[in-house]
Amino acid sequence: MLTELCRVVPIASFHTGDPLADDLRRYKDDPSPAVRRERAAALAAILSRFLERHGGCLGGPFTLVTTVPSARDGPAPLVHPLVGVVTRVAALAPLYRPALRDDFTAWELVRGHSVLLVDDTFVTGVHLRRAAAALLAAGAREVVALVIGRKVSYETPATFALDRCCLCNPA
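Asker: Account for the overall build of the protein chain, naming residues and giving values.
Answerer: Looking only at helices and strands, the protein chain has 5 helices and 4 strands in total. Ordered by position from N to C terminus, the α and β elements of the protein chain give α-β-α-α-β-α-β-α-β. Out of the 171 residues in the protein chain, the part that is buried amounts to 43%. Within the protein chain, contacts between residues at least 6 apart in sequence are counted, and of these 78% link residues at least 24 apart. Total accessible area on the protein chain is roughly 8,600 Å²; 56% of this is exposed by carbon and sulfur atoms.

Asker: Can you explain the pattern of salt bridges? Please cite residues and give values.
Answerer: A complete count under the given rule lists 8 salt bridges for this structure. We note a salt bridge from Arg39 to Asp23, for which the minimum N-O separation is 2.8 Å. Linking Arg39 in helix H3 (residues 33–54) with Asp23 in helix H2 (residues 19–29), this pair joins segments that are 16 residues apart in sequence. Here Arg39 and Asp23 have matching classes, each one buried. Between Arg111 and Glu108 there is a salt bridge; the shortest N-O distance is 2.8 Å. Among the residues examined, Arg111 registers a relative accessible area of 52% and is labelled exposed.

Asker: Describe the sheet that holds strand S2 (residues 64–67), listing the residues and the values that go with them.
Answerer: Strand order in the open sheet formed by 4 strands is S1-S4-S3-S2, with parallel pairing between adjacent strands. The sheet is open, and its two edges are formed by strand S1 (7–14) and S2, each paired on a single side. With direction set aside, neighbouring strand axes in the sheet form an average angle of 20°. Across the sheet, H3 is in contact with S1, strand S3 (114–122) and strand S4 (142–151); its angle to S4 comes to roughly 125°. This element, helix H5 (residues 126–137), spans S1, S2, S3 and S4 of the sheet and lies at about 165° to S3.

Asker: Can you break down the pairing of S2 residue by residue, with the values?
Answerer: The two faces of S2 match: Leu64 and Thr66 on one face and Val65 and Thr67 on the other face are all buried. Sheet analysis places S2 next to S3, joined by 4 bridges and oriented parallel. Its bridge partner being in S3, Leu64 is matched across the sheet by Val115.

Asker: Account for H5, with residues named and values stated.
Answerer: Given 3.6 residues per helical turn, the α-helix brings residues three or four places apart onto the same face. Helix length check: H5, at 12 residues, gives a terminal C-alpha distance of 16 Å against a target of 16 Å (1.5 Å per residue), a fit within 8%. Within the sequence span of H5, burial applies to Leu128, Ala131, Ala132, Ala134 and Leu135. Buried residues along H5 cover an arc of 160° about the axis, so they all sit on one side. The first or second residue beyond H5 is Gly139, which carries a positive phi of 105°.

Asker: Give me the environment of Val83: which residues, what numbers.
Answerer: Within the fold, Val83 resides in helix H4 (residues 81–86). Under the relative-accessibility criterion, Val83 is labelled buried at 14%. Between the alpha carbons of Val83 and Arg97 there is a distance of 9.3 Å; along the sequence they are 14 residues apart. When neighbours within four sequence positions are excluded, Val83 is seen to be in contact with Thr67 and Tyr96.

Scoring rules and cut-offs
Residues numbered from 1 in each chain as written. Predicted model: local features only at pLDDT ≥ 70, side-chain atom pairs only at ≥ 80, totals over all residues. Heavy atoms only, no water. Helix = DSSP H or I, 4+ residues; strand = E, 2+ residues; numbered from the N terminus. Buried < 20%, exposed > 50% of the residue type's maximum accessible area, 1.4 Å probe, protein only. Contact = heavy atoms within 4.5 Å. Areas by Shrake-Rupley, 256 points an atom, 1.4 Å probe, with all protein chains shown as cover. Salt bridge = Lys/Arg side-chain N within 4 Å of Asp/Glu carboxyl O. Pairing = 2+ DSSP bridges. Axes fitted to C-alpha atoms, helices over the stretch in contact; angles between N-to-C directions. Expected span 1.5 Å × (residues − 1). Arc of directions from axis to C-beta.

What follows is the structure in structure tokens.
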């Protein structure tokens, strides 16, 4: 179970078709480079503002920040667009290191580190689970996952408010 591997903190939840869902899709897939840059900047701003308000809720201090590898069908981009989002955030950029290979195995550099694992979208949790397990197997001291958007069913209300945090101000 994922919660046994690491703490997972979603910044927001969304439904298909919501503005956040649109940003999370288009920062990777829009045919226009300008739109991809604009959407990536918007996601970096969300991440940055959340960390300013709730970074202390996550635990830490973190000694390494990394991202979940691409799980796309077909060839993955040379550098996943999420890396560009994370490295735009002043609090995360100095700690960022690519620590996971595309096959979800971890580099040895994680040994002894407290890792903040960033993902853009959480649907089933399988990619986060694989990434967290790989980091812990490679010797990470702890892994906390921060997810920009958690996709929820239409029966569940979608929430997006940077003044709320599921750790310090749960619903």
